[in-house]
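As a plain string of letters, each chain reads:
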Amino acid sequence: MDVNIEPSWKAYLNAEFDKPYFQQLIQFVKQEYQQNTCYPKGKDIFSAFDHCPFQETKVVIIGQDPYHGPGQANGLCFSVKEGIPHPPSLVNIFKEIKTDVAKPYPTSGNLERWADQGVLLLNATLTVRAHQAGSHQNKGWETFTDAVIKTVSAELDGVVFLLWGGFAKKKSALIDKSKHHILTSGHPSPLSANRGLWFGNNHFSKTNALLHRMGKPAIDW
């Protein structure tokens, strides 16, 4: 199956695209987009990969589901399009960055600027029906994105994985801890952050310290 994804990723993921589960997934997604309003736009489904070529991947952040409100999702986890109000989790991410690395709170919630520096912003499920959180879960996306994580783990070295919240932490089982770095904390959602599980994790300065130690450029958060 020919999937319109960034070429460097296609070389590693081609085998997944030909598996029965993926072909069934694509049929489901096509039908959903024809019959319902779904997010992100079709051209943005693989945007996380398009902005972050395989060999340039230095950091992986794992989310769960795209935003399901109008105009929010742009194919990168936690990210929203230009001019869209920042959702609560993104607000808390930016607050932590401000205290951790002294970056002013940004006007734009579009995280393509991170992806372009080698941060793979990967949702476990890449599509969603409007106003129905989790509506495209357990249809095959998780099998695909687990394969992505395994491939990054197997083929690259010294990647920093940021696992926020219980769902993301489970993905640590897919990662070779002998050659990669895993930082975990609570989720940036208000529920978790207000219980003291997010703020003060210093993941952004810790990530840059790890990258520096490996001789890789820091991320401009």
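Rules of the game
- Residues numbered from 1 in each chain as written.
- Predicted model: local features only at pLDDT ≥ 70, side-chain atom pairs only at ≥ 80, totals over all residues.
- Heavy atoms only, no water.
- UniProt positions renumbered as here; feature names shortened; annotations may be inferred.
- Helix = DSSP H or I, 4+ residues; strand = E, 2+ residues; numbered from the N terminus.
- Buried < 20%, exposed > 50% of the residue type's maximum accessible area, 1.4 Å probe, protein only.
- Contact = heavy atoms within 4.5 Å.
- Areas by Shrake-Rupley, 256 points an atom, 1.4 Å probe, with all protein chains shown as cover.
- Lys, Arg positive; Asp, Glu negative; His and termini not counted.
- Charge placed at Lys NZ, Arg CZ, Asp CG, Glu CD.
- Salt bridge = Lys/Arg side-chain N within 4 Å of Asp/Glu carboxyl O.
- Phe/Tyr/Trp six-rings, centres within 6.5 Å; stacked < 30°, edge-to-face > 60°.
- Core = buried A, V, L, I, M, F, W, Y, C linked by side-chain atoms within 4.5 Å.
- Polar contact = N/O pair within 3.5 Å; in protein donor to acceptor, adjacent residues only side chain to side chain.
- Axes fitted to C-alpha atoms, helices over the stretch in contact; angles between N-to-C directions.
- Parallel < 35°, antiparallel > 145°, perpendicular 65-115°, else oblique.
- Left-handed = near helix turned anticlockwise from the far one by under 90°.
- Nonpolar A, V, L, I, M, F, W, Y, C, P; charged D, E, K, R; others polar.

An unreviewed UniProt entry lists the protein under the name Uracil-DNA glycosylase, from Flagellimonas sediminis. Of the protein, the UniProt comment under Sequence similarities (unreviewed entry) reads exactly: "Belongs to the uracil-DNA glycosylase (UDG) superfamily. UNG family." For the protein, the Function (unreviewed entry) comment in UniProt is given as "Excises uracil residues from the DNA which can arise as a result of misincorporation of dUMP residues by DNA polymerase or due to deamination of cytosine."

Student: Looking at this structure, how should I read the overall build of the protein?
Tutor: Summing up its helical and strand segments, the protein has nine helices and six strands in all. A total of 221 residues make up the protein; the buried ones form 53% of that total. Pairs at least 24 residues apart make up 63% of the contacts formed inside the protein by residues separated by at least 6 positions. Summing over all exposed atoms, the protein offers an accessible surface of approximately 10000 Å²; the carbon and sulfur share of this is 51%. For the protein, the distance from the average site of its 23 positive side-chain charges to the average site of its 20 negative ones is 6 Å.

Student: Explanation requested: the pattern of salt bridges in the structure shown.
Tutor: Pairing of side chains with opposite charge becomes possible as their charged atoms draw close. As enumerated under the stated definition, the model contains seven salt bridges in all. For Lys 19, the salt bridge identified is with Glu 16, shortest N-O distance 2.8 Å. By relative accessible area, which is 12% here, Glu 16 ends up buried. In this structure, the salt-bridge partner of Lys 171 is Asp 146, at a minimum N-O distance of 2.7 Å. Here Lys 171 is found in the loop between helix H7 (165-169) and strand S6 (181-185), whereas its partner Asp 146 is found in helix H6 (residues 141-155), with 25 residues between them in sequence.

Student: Looking at this model, I keep getting lost on the packing of aromatic side chains. Mind explaining?
Tutor: The description of an aromatic ring pair uses the distance of the two centres, along with the angle that the planes make with each other. Following the criterion strictly, the structure yields 21 aromatic pairs and no others. Geometrically, the ring pair formed by Trp 114 and Phe 204 is tilted, given 6.2 Å between the ring centres and 55 degrees between the ring planes. With Trp 114 in helix H5 (residues 112-115) and Phe 204 in helix H9 (residues 203-213), this pair connects stretches of sequence that are 90 residues apart. Assigned by exposure class, Trp 114 and Phe 204 land together as buried. Aromatic ring contacts, followed pair by pair, group Trp 9, Tyr 12, Phe 17, Tyr 21, Phe 22, Phe 46, Phe 49, Phe 54, Trp 141 and Phe 144 into a single cluster.

Student: Before we go on, may I ask you to explain the environment of Gly 42 in this structure?
Tutor: Counting through the fold element by element, Gly 42 comes out in the loop between strand S1 (38-39) and helix H3 (47-50). C-alpha separation for the pair Gly 42 and Leu 13, spaced 29 residues apart in sequence, amounts to 19 Å.

Student: Would you mind showing me how to read the nonpolar core here?
Tutor: A general tendency of soluble globular proteins is for nonpolar side chains to be buried together. Counting residues in hydrophobic clusters, the biggest one holds 64 residues, and the most contacted among them are Phe 22, Phe 46, Phe 49, Ile 61, Ile 93, Trp 114 and Phe 144. In terms of residues, this core owes the most to one element, helix H2 (residues 20-35), which gives six residues. Each residue touching Phe 49, except ones within four places of it in the same chain, is listed here: Ile 5, Glu 6, Trp 9, Leu 13, Leu 120, Leu 122, Leu 126, Phe 144 and Val 148.

Student: How do you make sense of the side chain of Asp 44 when you look at a structure like this?
Tutor: Summarising the element assignment, Asp 44 is placed in the loop between S1 and H3. Of the polar contacts made by the side chain of Asp 44, one reaches the side chain of Lys 43; its length is 3.4 Å. Leave out the neighbours within four places in its chain, and Asp 44 touches Asn 74, Gly 75 and Lys 81.

Student: Is there a simple way to think about the packing of helix H1 (residues 7-17) against H6 in this case?
Tutor: Following both chains from N to C, one finds H1 and H6 inclined at 135 degrees, their axes separated by 11 Å at the closest point. Taken together, the axis directions place H1 and H6 in an arrangement best described as oblique. Crossing angle aside, the handedness with which H1 passes H6 is right-handed. Taken together, the residues of H6 that come into contact with H1 (itself represented by Trp 9, Tyr 12, Leu 13, Glu 16 and Phe 17) are Phe 144, Ala 147, Val 148, Thr 151, Val 152 and Glu 155. Considered class by class, the residues forming the contact of H1 with H6 number eight nonpolar, one polar and two charged.

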